[in-house]
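Each chain, written out:
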Amino acid sequence: MGKEMESPKEQSSYTVEQLVAVNPFNPEILPDLENYVNEQVTSQTYSLDANLCLLRLYQFEPERMNTHIVARILVKALMAMPAPDFSLCLFLIPERVQMEEQFKSLIVLSHFLETGRFGQFWDEAAKNRHILETVPGFEQAIQAYASHLLSLSYQKVPRSVLAEAVNMDGASLDKFIEHQVANSGWIVEKEEGSIVLPQNEFNHPELKKNNTDGNVPLEHIARIFPILG
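Along each chain, numbering runs from 1 in the same order as the chain's sequence is written. Reporting in this predicted model follows two pLDDT cut-offs: at least 70 for local features of residues, and 80 or more for side-chain atom pairs to be given and counted; totals over whole chains, interfaces and linings ignore these cut-offs and use all residues. Side-chain measures here rest on the full set of heavy atoms in the structure, leaving out hydrogens and waters.

To continue, consider the packing of helix H9 (residues 118–126) against helix H12 (residues 159–166). Here an angle of 0 to 180 degrees is reported between the N-to-C directions of two axes, which are lines fitted to C-alpha atoms, with helices fitted over the stretch in contact. Counting from the N terminus, the helices are DSSP H or I runs at least four residues long and the strands are E runs at least two residues long. In contact at an axis separation of 7 Å, H9 and H12 are set at 35 degrees when each is read in the N-to-C sense. As for the relative orientation of H9 and H12, their crossing is left-handed in sense. Contacts between H9 and H12 pair Phe118, Gly119 and Trp122 from the former with Glu164, Ala165 and Val166 from the latter. Each residue gets one label: Ala, Val, Leu, Ile, Met, Phe, Trp, Tyr, Cys and Pro are nonpolar, Asp, Glu, Lys and Arg are charged, and the others, such as Gly, are polar. Residue composition of the contact of H9 with H12, by class: four nonpolar, one polar and one charged. By convention the crossing between two helices is left-handed if the near helix lies anticlockwise of the far one by an angle smaller than a right angle, and right-handed if it lies clockwise. Should any heavy atoms of two residues lie within 4.5 Å, those residues are counted as being in contact.

Right, let's get into the sheet that holds strand E1 (residues 156–157). Only strands joined by at least two bridges in the DSSP assignment are considered to pair. An order of E1-E3-E2 is seen for the three strands of this open sheet, with the pairing classed as antiparallel. Either end of the sheet is taken by a strand with one partner, and the two such strands are E1 and strand E2 (187–188). Here two bridges tie E1 to strand E3 (residues 195–196), and the two strands are oriented antiparallel to one another. By the bridge assignment, Lys156 is partnered in E3 with Val196.

Pairing of aromatic rings covers Phe, Tyr and Trp, the last counted by its six-membered ring, and requires centre-to-centre distances within 6.5 Å; plane angles under 30 degrees mean stacked, over 60 mean edge-to-face, and any other angle means tilted. Following the criterion strictly, the structure yields five aromatic pairs and no others. On the basis of an interplanar angle of 75 degrees and a centroid distance of 5.0 Å, the ring pair of Phe121 and Trp122 is categorised as edge-to-face. Here the two residues Phe121 and Trp122 agree in accessibility, since each one is buried. Considering the side-chain rings of Phe121 and Phe138, the 6.3 Å spacing of their centres and the 35 degrees angle between planes classify their relative orientation as tilted. Remark: Phe138 occurs in helix H11 (residues 138–153) and Phe121 occurs in helix H9; sequence separation between them is 17 residues. Across this residue pair, the class does not change: Phe121 and Phe138 are buried. Burial classification: accessible surface area is computed with a 1.4 Å probe over protein chains only, and a residue below 20% of its type maximum counts as buried, one above 50% as exposed, and the rest as partly exposed.

For cavity detection a 1 Å grid was placed over the protein atoms alone, and a set of points counts as a cavity when a 1.4 Å probe fits there but cannot get out; an open set counts as a pocket when protein lies on both sides within 12 Å along at least five of seven lines, with lining residues being those that have an atom within 4 Å of a point. Grid points are joined across faces, edges and corners, and a volume is the space filled by probe spheres set on the points. Of the pockets and cavities examined, the second largest pocket occupies roughly 180 Å³. Around the second largest pocket sit Trp122, Ala125, Ala126, Arg129, Leu132, Glu133, Val135, Pro136, Gly137, Phe138, Glu139 and Asn167, which together line it. Looking at the lining of the second largest pocket, the elements that each hand over two or more residues are H9, helix H10 (129–132) and H11. Among the elements that line the lining of the second largest pocket, the one with the most residues is H9, at three residues. Of the residues in the lining of the second largest pocket, the class split is seven nonpolar, two polar and three charged.

As a further point, take the pattern of salt bridges. The term salt bridge refers to a side-chain nitrogen of Lys or Arg lying within 4 Å of a carboxyl oxygen of Asp or Glu. Applying the stated criterion across every chain, the model contains seven salt bridges. Of the charged contacts, one joins Arg64 and Glu61 as a salt bridge, the two residues approaching to 3.2 Å between their closest N and O atoms. Given a relative accessible area of 32%, Arg64 falls into the partly exposed group. Classification of Glu61 as buried rests on a relative accessible area of 19%. Residues Glu133 and Arg129 are paired through a salt bridge, measuring 3.3 Å at the closest nitrogen-oxygen approach. Judged by its relative accessible area of 56%, Glu133 falls in the exposed class. Each of the salt bridges in this network shares a partner with another, and the network as a whole consists of Lys156, Glu189 and Glu192.

Structure representation (structure tokens):
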């Protein structure tokens, strides 16, 4: 005989992560997973597995889909860049839902991030504050991703390029740079004000060992989005 389904009372003794691990296809845990998304937002935590589980349950019970929750899941997935979480989540969302304006906007934002078009990203983000500002830490997470991507692309980055990438200027940019100098090994050139970034195998290819073909993987760039094009 198969494993019996736990009663709601028994389920209440489990954490959400345990519910996902024990019985991920049980529709009765759907409200718990929705509440957990909101908890991730307020506590600034993240669980991709739980969010994917919820999206899969929505596939089986589309009439119960809460698009507000789905939008929050996608915003949290954007914050996890450069991990491919956004694409993993998007794959589980029906195309008819993706065609809604808020989701089309989030897909465009992900495209700008993956292709390093930060100026366009911040312009588009400004038009969608009503979606993004409901998730604390979004701006900081994207600024961290932008810094990461710059560190893979540049040995030395002009201040103007950094300013556009992190959407900062003036005193706030100075404070951001000071933090990176103290914690990430950035060096500010006194004369030009450019930032020298720490060496790694991407901005200094000679450091990469056993690279026989000289190619750099671009798995986070070549993605297909159903809305674009």
